Amino acid sequence: MADRGGMVERRGAGLWLTHLGLILGVAFIAFPIWLAFVASTVSQPEIVRPPMPLLPGDQMWENYSKALTSGVNAPVALMLANSMVMAIGISLGKIAISLLSAFAIVYFRFPFRRVFFWLIFLTLMLPVEVRIVPTYEVIANFGMLNSYSGLILPLVASATATFLFRQFFMTVPDELAEAARVDGAGPMRFFFDILLPMSRTNIAALFVILFIYGWNQYLWPLLITTDPSMNTIVMGIKQMFPSGDDIADWPVIMATSILAMIPPVLVVIGMQKLFIRGLVESEK
Amino acid sequence: MATVSLQDIRKSFGKTDVIHGVDIDIADGEFIVIVGPSGCGKSTLLRMVAGLETVTSGEVRIGDRRVNEAEPMARDIAMVFQNYALYPHMSVFDNMAYGLKIAKTPKSEIEARVAQAAKMLQLEPYLQRKPRELSGGQRQRVAMGRAIVRKPAVFLFDEPLSNLDAKLRVQMRLEIKALQRELGVTALYVTHDQVEAMTLADRMVVMNGGVADQVGAPLEVYGNPQTTFVAGFIGSPPTNFLSPALLGQQGDGQIGIRPEHMAIDPEGALQGTVAYAEALGAETLVHLRAADGTQVTVRQDAAHAIPAEGSAIRVGWQDGAMMRFDAAGRRV
Amino acid sequence: MEKRVTFKGIWLPLLLVLPQIVITAVFFFYPAGQAIWQSLFIPDPFGLSMQWVGLGNFEYLLGDRYYRASFVTTAIFSILVTVVSMGVALYLAVLADRLIKGSGTYRTLLIWPYAVAPAVAGVLWLFMFNTRVGVVTWYLGQLGYDWNHVLNEGEAMGLVVVASAWGRISYNFLFFLAGLQAIPRSVIEAAAIDGAHFWTRFRTIVWPLLSPTTFFLLVVNIIYAFFETFGVIHTITSGGPQQATTILVYKVYADGFVGQDLGSSAAQSVILLFVVSILTVIQFKYIERRVHY
């Protein structure tokens, strides 16, 4: 059949135009990161005399080792570790408490069940951004400033994760719970032996999303970590800029930016299927 | 091995009564089939025996023990579910062994029992597979195996064959029966399929609208139905119901005659027009319309001539074939 | 929707929901209550006592030129971020959807910026447009354009919008592509046989069928622009110049932590709370119909 522009599938020139458009899109997406990478491999003088080069230089090792070991205020290696603890703490914490409460809400009938359900639901309306000052005061009163628990706990309750698990538990056939009861399994045994292993794909998908969420937190660590050694990497980058008119140490800052991206980007690319699934399911 | 007795069992969900008082006594080793259309309460009844539903009133006894309040595992029962309810993440072996593990059975004993059940059910090659890697019939067998290894006093089956295709259903039906005979375990089996009920049951319970209409041996129920519902539900094609007036008799109520007891007979008592005839090979179903519009089916041997559509014929039967029911549908 | 099977017990389920309820109470409801309470007071200059002002903080805010300007800024910012990121994403998704082979590869190449934190995105774009060393700034200068987002309000807004939209394209692309691929090929082929050309097909068939996805993304992106772009603003402009990029969330932070004006910050939190509630209700009412009760 002749292609008169009405065909569903493009061929020939149309196909190449499609590819061209997509490649432009990829370039637009990738350019800032490429530039950051280049900046992290050249020396400071090459950057401060614009235009900076557009191809990588030979200072990569120096810049990255300087960032990791000494950084500007605190070694970036330390900030990476802090971010890792925070991201993993938030994801595992959210998953654990959400699994338990979803299990209770789906598989039991108990007083105030609906009240609890709605309380959890309402947390959707309370992102950390709208309660920063009082939440800060709570953490301060508990003496949790500059601590991992202070970084993690206020972000650990999640209606989204609870709903996701509740939704999944609802799709688990009733007969499985009945079979487990006939087999003599009590509720917790059923939870650990049957429900948890069956949820593992959901758990993994959610972990990917929550890890990125935790890793990319900015405002909260900015508020409660005044001690540079407790900074997370994402908020620590901004702290590396000098106040006043001094020139920023761009190669080190850009090296740090690249380091800040690597873990979550690896998670997204390495677990693309789980990531997409987690994204779609947690947002639906 | 145990007897099971249900005494005046009632069940309501909120204000809706679904079981209106059912009494059944099951002897040790007996195979009882509860049969009825969907929504008649048969599954609910079974689940109350299993302990998966609470009993609103009445008493469930297994052996000599009242078990109304007992957890399922404490009732010495095993259950085969309609969708098999296999744990999807566990191997066949682990599925069968799970209940035993919970009961803290010694490992060697678990292995021996699973091996024995697997042998009985020809599942030995599949013990390490996951349920999704099995065919429907194999899954069905695993569900059976899970029940067998527990060596329960009572087997409960909730429509276990309804997810299988017709051919497998016949085969598994025979296997279930053979297995129950071999193990000598009391069995309570729920189905909506009257053929399954007829072939499996020592005694069957025909449920209708939350009431046990009739309890008895299959042939007794077939030959001597106590209500119009039973007469219509058991037997295929279903019993013909004629008004007494059509046969020139007095009284209200209905007269039931099974299609297989009718024959085309020029001297017959009933006249009708042939609507159509279905030749099934071994037999032919002749559908006619009587003078008052009633549909009547005659089942005749394929050797007999098939009447032409639209022709007027007469149908007769032996006197003993007539089953009289009163206006309330009860056998007179 | 309810489960048929339930386990017995009252204390066990209470124990199971306890961790979430405690954390929710301590870190969500108590602070939210505090925000509402504090919004009704003004602390004295030494922070020693609180003076009841009723709705005074709100009255003051609504009369405040800067606060009202911040509302407008937030609205402009959110609309621009949403339109830019969704527009680019839809364009790329439509292209990728036209490929039989290779759309998976482009997906991989396009989704990973989702993992880049808004704050990091801010630093990357700041670097490109830095007034001294920025490479884009330099090339613009060569073309005779003097870029200076530190002084120029419009340029500052443009920069934070692009930086915020940039990281969001991945997310929108993913949902648009999924939405496009969910449209049955046969429908589109039928239209092609009817003689509809690409643009007609898109306008009359694809776009209407895609509208649930579009609407969902609209709400989600507005929420993103409202609350999750703090990092971008903080790293690039710190709300400036002349508060031209001070969105509401940034103002809560700036007034509460930098300015130490607790009463006003709390009142702003309460207003934001109200805004999120409305957005959440919209999101659930029209999009998330899966929470039954």
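Within any chain, residue numbers begin from 1 and follow the written order of that chain's sequence. The lettering of chains begins at A and the numbering of ligands begins at 1, in the order of writing. Given that this is a predicted model, residues contribute local features only at a pLDDT of at least 70 and side-chain atom pairs are listed and counted only at 80 or more, while totals for whole chains, interfaces and linings are drawn from all residues.

## Topic: the interface of chain A and chain C
Phase 1: Tallying the contact residues gives 90 residues for chain A and 90 residues for chain C.
Phase 2: Across the side of chain A that touches chain C, the residue classes break down as 66 nonpolar, 14 polar and 10 charged. Remark: residues whose backbone-derived C-beta atoms lie within 7 Å of one another are considered to be in contact. Under the scheme applied here, ten amino acids are nonpolar (Ala, Val, Leu, Ile, Met, Phe, Trp, Tyr, Cys and Pro), four are charged (Asp, Glu, Lys and Arg), and all others, including Gly, are polar.

## Side note on the UniProt feature "transmembrane region" (unreviewed entry) in chain C
Residue and element names in this part refer to chain C.
Phase 1: Residues annotated in UniProt with the feature "transmembrane region" (unreviewed entry) correspond here to residues 12-30, 71-96, 108-128, 156-183, 204-227 and 266-287.
Phase 2: What counts as a helix is a DSSP run of H or I of at least four residues, what counts as a strand is a run of E of at least two, and both are numbered from the N terminus. A helix fraction of 100% and a strand fraction of 0% characterise residues 12-30, whose end C-alpha atoms lie 25 Å from each other.
Phase 3: Here residues 71-96 runs as 100% helix and 0% strand, with 37 Å between its end C-alpha atoms. UniProt positions are given in the numbering used here, feature names are shortened, and annotations may be inferred rather than shown by experiment.

## Quick word on the UniProt feature "domain: ABC transmembrane type-1" (unreviewed entry) in chain C
Phase 1: The positions UniProt marks with the feature "domain: ABC transmembrane type-1" (unreviewed entry) are residues 71-283 of chain C.
Phase 2: Helix makes up 78% of residues 71-283 of chain C and strand 0%, whereas the separation of the span's terminal C-alpha atoms amounts to 21 Å.

## With respect to the nonpolar core
Phase 1: We call a set of buried Ala, Val, Leu, Ile, Met, Phe, Trp, Tyr and Cys residues a nonpolar core when their C-beta atoms link them within 7 Å. Backbone-placed C-beta atoms define the burial measure: a residue is buried with 20 or more other C-beta atoms within 10 Å of its own, exposed with 12 or fewer, and partly exposed in between. The biggest cluster of nonpolar side chains holds 266 residues, and the ones touching the most others in it are Phe103(A), Leu156(B), Leu188(B) and Val120(C).
Phase 2: With 16 residues, helix α4 (residues 76-107) of chain A is the largest single contributor of residues to this core.

## What to know about unusual backbone geometry
With the exception of glycine, most residues fall at negative phi, and the peptide bonds are largely trans.
Residues and elements named next belong to chain B.
Phase 1: Omega for the bond connecting Ser236 with Pro237 falls within 30 degrees of zero, at -5°, which places this linkage in the cis form.
Phase 2: Phi is positive for Asp76, close to 60°, though the residue is something other than glycine.
Phase 3: Its location among the elements puts Asp76 in the loop between β5 (65-66) and β6 (77-80).
Phase 4: For Ala85, which is not glycine, the phi dihedral falls at a positive 50°.
Phase 5: Note that Ala85 resides in the loop between β6 and α2 (92-102).
Phase 6: Overall, the presence of 25 C-beta atoms within 10 Å leaves Ala85 in the buried class.

## Here we look at the sheet that holds strand β15 (residues 283-290) of chain B
All names here are of chain B.
Phase 1: Pairing is antiparallel across the open sheet formed by five strands, whose spatial order is β13-β17-β14-β15-β16. Strands with a single pairing partner mark the edges of an open sheet, and in this sheet they are β13 (262-264) and β16 (295-301). Each adjacent strand pair in this sheet contributes to an overall mean axis angle of 45°, direction not counted.
Phase 2: For two strands to be treated as a pair, DSSP must find at least two bridges joining them. Sheet analysis places β15 next to β16, joined by seven bridges and oriented antiparallel. By the bridge assignment for β16, Leu288 is matched with Val296. Only the stretch in contact is used when a helix axis is fitted, and all axes are lines through C-alpha atoms; the angle between N-to-C directions ranges over 0 to 180 degrees.

## Here we look at the environment of Tyr171(C)
All names here are of chain C.
Phase 1: Inspection of the secondary structure assignment puts Tyr171 in helix α7 (residues 153-181).
Phase 2: Residue Tyr171 is classed as buried on the basis of its C-beta count, with 21 C-beta atoms lying within 10 Å.
Phase 3: In the structure, Tyr171 is positioned 26 residues away from His197 in sequence and 29 Å away in space, judged by C-alpha atoms.

## As for the domain arrangement of chain B
Residues and elements named next belong to chain B.
Phase 1: Residue ranges assigned to the domains are those given by an automatic or database domain assignment. In terms of domains, chain B is made up of domain 1 (4-232) and domain 2 (239-325).
Phase 2: Centre-to-centre, using C-alpha coordinates, domain 1 lies 38 Å away from domain 2.
Phase 3: In this assembly, four residues from domain 1 lie in contact with six residues from domain 2.
Phase 4: Within the side of domain 1 that touches domain 2, the residues separate by chemical class into two nonpolar, two polar and no charged.

## Remarks on the interface of chain A and chain B
Phase 1: With 14 residues of chain A at the interface, the matching set in chain B holds 17 residues.
Phase 2: Breaking the side of chain A that touches chain B down by element, the ones donating at least two residues are α9 (174-182) and α10 (187-198) of chain A.
Phase 3: Considering every element that reaches the side of chain A that touches chain B, the biggest residue donor is α9(A), with six residues.
Phase 4: The residue makeup of the side of chain A that touches chain B, split by class, is eight nonpolar, one polar and five charged.

## Notes on the packing of α4(A) against helix α11 (residues 200-215) of chain A
Residue and element names in this part refer to chain A.
Phase 1: At their nearest, the axes of α4 and α11 sit 8 Å apart, and the two run at 140° to each other. One element, α4, and the other, α11, form an angle in the oblique class. Here α4 runs over α11; the crossing is right-handed. Touching Ser83, Met86, Ala87, Ile90, Ser91, Lys94 and Ile95 of α4 are Ile203, Leu206, Phe207, Leu210, Phe211, Gly214 and Trp215, all from α11.
Phase 2: Partitioning the contact of α4 with α11 into residue classes produces 10 nonpolar, three polar and one charged. Any angle that falls under 35 degrees is termed roughly parallel, while one over 145 is termed roughly antiparallel, one within 65 to 115 roughly perpendicular, and all others oblique. Each crossing is labelled by how the near helix is turned from the far one, with a counterclockwise turn of less than a right angle marking it left-handed and a clockwise turn marking it right-handed.

## Examining the sheet that holds strand β11 (residues 240-242) of chain B
Residue and element names in this part refer to chain B.
Phase 1: Read from one edge to the other, the open sheet built from three strands follows the order β11-β12-β18, with strand pairing classed as antiparallel. At either margin of the open sheet sits one strand with a lone partner, and together these are β11 and β18 (323-325). Within this sheet the neighbouring strands show an average axis-to-axis angle of 30°, counted without direction.
Phase 2: Pairing of β11 with strand β12 (residues 254-257), which is carried by three bridges, proceeds in the antiparallel orientation.

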